[in-house]
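# Report on the structure
Here's the letter readout for the chains.
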Amino acid sequence: NNNVPAHLTALTELPVITIFGPESPVQYAPLTKESANVSSGFACSACVSPAMAGLSPCDRSYCLEAVSVEQVLNCATGILDSASVNNRSQRLAD
């Protein structure tokens, strides 16, 4: 599993974005409410399984390559916008 940094970050209160290619976000996503997942949504994803020794049948991870910078940026922007709204709401409550 190549998502060790995401799982370590999930131990903190920091938001984490995990990018998935041939692995399943349902199976491998960090277990935190501060987690967001980005994937290409290819029908063949998730093709990697423990039964296949973690190997993809593809010679290249097209599903990972198809994840765009814009997808990740939009996800990050959404997290930052949400944090900004939450910070404003908390300041108003104080």
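Description of the structure in this document. (Residues numbered from 1 in each chain as written. Predicted model: local features only at pLDDT ≥ 70, side-chain atom pairs only at ≥ 80, totals over all residues. Heavy atoms only, no water.)

With that settled, the discussion passes to the overall build of the protein chain. A tally of regular secondary structure across the protein chain gives four helices and two strands. When the helices and strands of the protein chain are placed in sequence order, the string is α-β-α-β-α-α. Every one of the 94 residues in the protein chain was classed for burial, and the buried ones make up 22%. For the protein chain, the proportion of contacts with a sequence separation of at least 24, taken over those separated by at least 6, is 39%. For the protein chain, the accessible surface area stands at approximately 6,500 Å², while carbon and sulfur atoms represent 58% of it. (Helix = DSSP H or I, 4+ residues; strand = E, 2+ residues; numbered from the N terminus. Buried < 20%, exposed > 50% of the residue type's maximum accessible area, 1.4 Å probe, protein only. Contact = heavy atoms within 4.5 Å. Areas by Shrake-Rupley, 256 points an atom, 1.4 Å probe, with all protein chains shown as cover.)

The next point concerns the pattern of salt bridges. Counted according to the given criterion, the structure contains one salt bridge. A salt bridge links Glu-65 to Arg-60, with the shortest nitrogen-to-oxygen separation between them at 2.6 Å. Its relative accessible area of 42% is what places Arg-60 among the partly exposed residues. (Salt bridge = Lys/Arg side-chain N within 4 Å of Asp/Glu carboxyl O.)

We now examine the side chain of Ser-24. With respect to the helices, strands and loops of the structure, Ser-24 is situated in the loop between strand S1 (16-20) and helix H2 (25-28). Excluding residues that lie within four positions of it along the chain, Ser-24 makes contacts with Ala-29 and Ala-46.

Residue alternation in S1 divides its side chains into a buried set, Val-16, Thr-18 and Phe-20, and an unburied set, Ile-17 and Ile-19. The pairing of S1 with strand S2 (residues 35-39) spans five bridges and is parallel. Its bridge partner being in S2, Phe-20 is matched across the sheet by Ser-39. (Pairing = 2+ DSSP bridges.)

What follows concerns a nonpolar patch on the surface. On the surface, Val-4, Leu-8 and Leu-11 cluster together to form a nonpolar patch covering roughly 330 Å² of accessible area. Mapped onto the elements, Val-4 comes out in helix H1 (residues 4-9). (Patch = residues over 30% accessible without salt bridge, like charges linked within 9 Å, V, L, I, M, F, W, Y side chains within 5 Å.)

Quick look at the environment of Ala-29 now. Relative to the elements of secondary structure, Ala-29 occurs in the loop between H2 and S2. The spacing of Ala-29 and Ile-19 is ten residues in sequence and 9.3 Å in space, taken between C-alpha atoms. Once you skip the residues sitting within four places of it in the chain, Ala-29 turns out to touch His-7, Phe-20, Ser-24 and Asn-37.

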